[in-house]
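Structural overview for review
As a plain string of letters, each chain reads:
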Amino acid sequence: MSIQTTILQASDYEAAAKQILDAPTLAYIAGGSGDETTLQANQTAFKRSQLQQRAFAEFSQASTQIKLLNTRLRHPILLAPVAAQSLVHPDGEIATAQAAEALEAGMIISTRTSKPLDAINQVMRQNKWFQLYFQPEHKTTASLIKQAEENGAEAIVVTLDSPIQSVSLRAQKAGFTLPAHAQPALLKHITPPQHIHLTPDDSVIFQGLMQQAPALKDIEWLINQTHLPVLVKGVMALDEIDQLRAIGIQGLVVSNHGGRALDSVPDSLRLLAVMRAHTGKDFPLLFDGGVRSGYDAFKAIATGANAVCIGRLQLYALAVNGAQGVAHVLKLLRDELELCMALTGCTRIADISEKCLWRHD
Ligand code: FNR
């Protein structure tokens, strides 16, 4: 099917992808959990936030470079972990990694990648991080970490907001099922552990799924398993963040899983403001949820993020034009971010602060 949308800004990829993806796949990608309250709130929050323009700054030495843990990045816009990318393009994560390599962007590779890590490693030399979902048995989790280390991962990002996969009702109603070619490549040869035996009085959620949710001691175990920095994605309770910092995590991804985990939690931008106030200015905070433009990226950085990640946008761009699409969407986001910096008087990412947000109402 030909695409009728002219792509001039990053969000045009969403409109274009809607014209080519089949309805169940689109519902799976675009959908959120529950009533999609959080999903909608993520984007509304950006629309509410306004900028403070400035006229006088000198840009000949301006740069968007940042250092995030051990990683030096040309721009503070990364690819969020997104599973099953072969769903929308035959080259899946390999195409995404090619784009990231070409643009020197960071990519966080999902545990549920549809392509093996060694194949991704062949096309992407640097700026790779690995997103970890704990597996029911530690030996499986340990083998995932080992593979990530062997294939050049520079950090581990462990996701803690979805021990129960809150299936999107939109995707269910559209009849979505994950096809064979998009199944997780890293989990293919793993023998599933024995099923937990439930009595008729037991709950599938309490005595079933939640028995496999990682506890604080498992995060401690993880930190001891690897020489890589460990970050946590999707924790919002401030006392839990304190506990995680006390055992040595080195950063957070402020995230509500793009409105795909617990519905009715606050939008990501609001969470970010609270987390930055709580953690102080030097603790690394990445951000995701609702970023559809470089303006959004700028607003998130002004609210306290060191860098932002894009989830759905990368899949839409991948669906529309493979590696070139992902490279193009990253370029468009960067151009928009630079425009915001230029017109708000920010010559470095460190200059972007809450002073760049309009506060006079
Ligand atoms: C995700 N996300 C996700 N997160 C994660 O930690 N591991 C994963 O495997 C996945 N897989 C995944 C698949 C799809 C189809 C989507 C849309 C999202 C969540 C992702 O990393 C990120 O938190 C959100 O996508 C950010 O919100 P936006 O940018 O999509 O609005």
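Residues numbered from 1 in each chain as written. Predicted model: local features only at pLDDT ≥ 70, side-chain atom pairs only at ≥ 80, totals over all residues. Heavy atoms only, no water.

**Describing the packing of aromatic side chains**
What counts is decided by this rule: Working definition: a ring pair exists when centres of Phe, Tyr or Trp rings (six-membered ring for Trp) sit within 6.5 Å. Plane angles under 30 degrees give stacked, over 60 give edge-to-face, the rest tilted. Numbering goes from the N terminus for both helices and strands, where a helix is a DSSP run of H or I of at least four residues and a strand is a run of E of at least two. Buried means the residue's accessible area, taken with a 1.4 Å probe over protein chains only, is under 20% of the maximum for its type, while exposed means over 50%, and partly exposed covers the values in between.
Counted by the stated rule, this structure contains 3 aromatic pairs. Each ring, one from Phe46 and one from Phe287, has its centre 5.9 Å from the other, and the planes form 85°; the classification is edge-to-face. With Phe46 in helix 3 (residues 37-48) and Phe287 in strand 9 (residues 285-288), this residue pair connects regions lying 241 residues apart in the sequence. For the pair formed by Phe46 and Phe287, the shared burial category is buried.

**Structural notes on the site of the ligand**
This is how it is decided: Nearness here has a simple test: a residue counts as near a molecule or strand if at least one of its heavy atoms is within 4 Å of that partner. Polar contacts, as counted here, are pairs of nitrogen or oxygen atoms within 3.5 Å of one another; within protein the pair requires one atom able to donate a hydrogen and one able to accept it, and residues that are adjacent in sequence qualify only if both atoms are side-chain atoms. Residue-level accessible areas treat just the shown protein chains as cover; the underlying method is Shrake-Rupley with a 1.4 Å probe.
Surrounding the ligand, one finds 23 residues, the nearest of these being Pro81, Ser110, Thr159, Asp288 and Gly290. In this structure, Gly290 approaches the ligand through a main-chain N or O atom, which is 2.8 Å from an oxygen atom. Between the ligand and Arg292 there is a distance of 3.0 Å, counted from an oxygen atom to a side-chain nitrogen or oxygen. Relative to its unbound accessible area of 610 Å², the ligand is 98% covered by the protein chains. Broken down by secondary-structure element, the contributors of at least two residues to the shell around the ligand are helix 2 (23-30) and helix 13 (312-344).

**Quick notes on unusual backbone geometry**
Not every positive phi belongs to a glycine, and Glu36 is a case in point at roughly 65°. Along the chain, Glu36 turns up in the loop between helix 2 and helix 3. One non-glycine residue, Leu69, lies in positive phi territory at about 50°. Within the element layout of this structure, Leu69 appears in the loop between strand 1 (66-68) and strand 2 (71-73).

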